[in-house]
Amino acid sequence: GPVMGRGTVAAALAAVTVIVSISIGVDAELNFYTEKQVLRFINASATHTELSQECRNALMRVEPYLKDQDTLEAQRIFFSQSYASGISDLFLSRDQDRWIYRGYECILSAGETVFSRSEHPMHYCYGYNEEDPKTDAYSVCIPSPCANDHVKLIEMWRRAARKGIAPETKPIDFSACTQSRHEKQWFEKPVPILDFTANQLAILFIVLATVFHYKRGEEVKTLPAQLLLAFSARKNLRKLCELPKDPQATLTCMFGLRFLAMVWTLVGHSFIFIQAYIENVDDFKNDLVDNFYNQYITNFTLSVDAFLLLGGTVLSYSWFRKWLKNNNEPEPTWTSYGFWLRFYRHRLVRLWPAYLYTLTAVTLRISITHFHPMWPPTDPGVQCPIHWWENVFFLNSLFDNRCMPWTWYIGTEFIYFLISPIFLLALRRSVKFGALVCFTVIAISAGLNTRSIIANNFPPTQFLWKQPAIFNPNFIQHHIELYIKPHFRIGPYIIGIMLGYYLAFFQRKAIKPVRTPAFVATGWALSALAGFWAIFGLYPSLQGWDWPLYHIVYGTIHRDVFALALAWLIYACHTGVGGPINALLSLKPLLPLSNLCYSVYLFHMIPVVLTYLLTSFPMWYTTKFEIFAHCLVQLFISYLFAMLCVLIAEYPALNIERILLHPPATKTTIKTVPTSDSEMQLRPDESSSVASTPTRE
């Protein structure tokens, strides 16, 4: 975990041998130093009386340890290379992966293994002046007995490294460390053991429930028996793979779209996080960014907008379909408090169990399963014990998103769900009024994007590999202030709501409107053009071309344009003009893969990091195919965990809600479609018998 501190060391240079401060090379703007320079610094520091005796003794053992015949040459090289300096801005830019790379070098120099503790454990520590991001930051690899003296040692290293250069007068007021090994492994701690035991008991309970299901069948009358069946693997696996009884209740093309969006998300994250493990990282970044067709990776954050569009569409489609039926239940209004409480309750039952299960597992056990800690600013084991409540209440995107940062999307979409009745009721009241509300909010969101991009000189989207010099280099500021904030990302969700509204009433039309070949061809052409521009139109910004107006326009509207392109695809597939695309996206094997996507998304970042930790360090980039191989393994592990999460938490909670809280079903009859302008009318020029495609919530 991180160790914080501040302070200076008077007359430190008196005890430190003069070190040539001119770096012998530059690696992504980080200076590095020779083994001889580093060992001189270590040996000189070992004589400094302001350090503890324990620390001085440990420093004196460093050189003999590194030169011992049992010490691998790689360990000695890693140790010296972990000493670095560079502008502290790099901690906030995408080049922070070079600091993390140095951290892994330090950790590996200790020679720890999963099964044995090193006799020479190390701490990787870094520090800088937090008030002035233009000052240099410094990193050191020190013996663990020196952890309490790390600020003094960083200060010594700063002064030594700047010998012959104007000294920095501002103190090091921020520092942090990560160690080469947890003080205790997870199986030596009571809390992870309890979490592991609870998981085993949950699996045993599922087995018992499944056996009971096979013995007694579905027809059980007592409440305890029904609750036990809620955990049956047989019941929940069947539910995972079955279409709803009403075939019109599902948008089948979403099976494939949701799965592809999940794969796209995992691939993008995998290509981001591998950077901290690659030695020739500049070759990797150049290949990825300079190749026009690699933008399907470098612009992968559009996968989130795909999820937002799908979420808004499913919500709106299912909600409007319900009120086309006369089920003896009055339609909700602004004051139907009971209905809206049930509306939100079901959403919480849908999200919370899997979220809390994953949050608990990742925080209490999985994040500390590896023998050494992760990078402190993003380590769930460090951040989640402090910030867990932000995730539990879906507020993480409103704050700094420190705990399981990839879950910002879940918090953002929940906020959209909270305000969704505004758009649903507005559209139900009048299509013109509802459309006005929807378009106004989209326009305001786009305007806020424009304002933020101009005011902060942000790039059009998160640049996760290389950041052109023409843009604000503060990647963290962009992420926290613009990228994850709900008011900047709502456009695709509202487009989904309007699409769901349209499809619900299209589904009800006994006679479908005629779509001429010219109309269909034009729709596909415009959709393809819009989608291509949204994905590949980032290239001028990636290259840093001096097109300021283009960068602003692209940053403002490309997510909405992508959502519109995807909206046409869903419309075409659902209304019978999707052809082979709809057939492919609606394949039955994609249904369970789609249903598992929520739990996969919750967990996928853990195997992304895990497979790289288990690979020989450092990696050498030659081709993307090696990374795609990692992606396949990561996806497989993610789906295994998702299956466990669904069987333990997600589906049992929905089953219990249905048993305890849902009233008995009442007979329903189909309402006639009103002819007022409050309903979107599809007025065909002539009769058509175009069949509509079955859809799913």
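Our subject is the structure listed above.
The rules we used
- Residues numbered from 1 in each chain as written.
- Predicted model: local features only at pLDDT ≥ 70, side-chain atom pairs only at ≥ 80, totals over all residues.
- Heavy atoms only, no water.
- Helix = DSSP H or I, 4+ residues; strand = E, 2+ residues; numbered from the N terminus.
- Patch = residues over 30% accessible without salt bridge, like charges linked within 9 Å, V, L, I, M, F, W, Y side chains within 5 Å.
- Areas by Shrake-Rupley, 256 points an atom, 1.4 Å probe, with all protein chains shown as cover.
- Salt bridge = Lys/Arg side-chain N within 4 Å of Asp/Glu carboxyl O.
- 1 Å grid on protein atoms, 1.4 Å probe; cavity = no way out; pocket = protein on both sides within 12 Å on 5 of 7 lines; lining within 4 Å.
- Points joined across faces, edges and corners; volume = space filled by probe spheres on them.
- Nonpolar A, V, L, I, M, F, W, Y, C, P; charged D, E, K, R; others polar.
- Buried < 20%, exposed > 50% of the residue type's maximum accessible area, 1.4 Å probe, protein only.
- Contact = heavy atoms within 4.5 Å.
- Disulfide = S-S within 2.5 Å.

**Some remarks on unusual backbone geometry**
Then step 1. With an omega of -5°, the peptide bond running from Phe617 to Pro618 counts as cis.
Then step 2. Secondary-structure assignment places Pro618 in the loop between α27 (605–613) and α28 (624–661).
Then step 3. With a phi close to 55°, Asn401 is a non-glycine residue in the positive phi region.

**Quick look at a nonpolar patch on the surface**
Then step 1. On the surface, a cluster of nonpolar side chains totalling about 510 Å² of accessible area is made up of Leu201, Ile203, Leu204, Val207, Leu208 and Val211.
Then step 2. Tracing the backbone shows Ile203 in helix α7 (residues 190–216).

**Brief notes about empty space enclosed by the protein**
Then step 1. Summed over the entire model, instances satisfying the criterion amount to 2 cavities of 30 Å³ or more.
Then step 2. Contributing to the lining of the largest cavity are 19 residues, with Asn449, Phe488, Gly555, Thr556 and Arg559 lying nearest its centre.
Then step 3. Broken down by element, the lining of the largest cavity gets its largest block of residues, 5 residues, from helix α23 (residues 548–574).
Then step 4. For the lining of the largest cavity, a count of residues per class yields 8 nonpolar, 8 polar and 3 charged.
Then step 5. Approximately 50 Å³ is the volume found for the second largest cavity.
Then step 6. What lines the second largest cavity is Ile100, Gly103, Tyr104, Ile107, Thr178, Pro373, Met374 and Trp375.

**Structural notes on helix α4 (residues 73–81)**
Then step 1. Considered for burial, the residues of α4 that qualify are Gln75, Phe78, Phe79 and Ser80.
Then step 2. Considering only its buried residues, α4 is in contact with α1 (35–45), α3 (62–67), α5 (96–109), β4 (122–128) and β5 (136–143).

**Brief notes about the state of the cysteines**
Disulfide: a covalent bond connecting the sulfur atoms of a pair of cysteines.
Then step 1. Applying the stated rule across the entire model yields 4 disulfides.
Then step 2. With a sulfur-sulfur separation of 2.1 Å, Cys106 is cross-linked through a disulfide to Cys141. With the S-S bond torsion at 80°, the cross-link from Cys106 to Cys141 turns out right-handed. Taken together, the residues Cys106 in helix α5 and Cys141 in strand β5 connect sequence positions 35 residues apart. Of the two residues examined, Cys106 and Cys141, each falls in the buried class.
Then step 3. Here Cys125 engages in a disulfide with Cys177; their sulfurs sit 2.0 Å apart.

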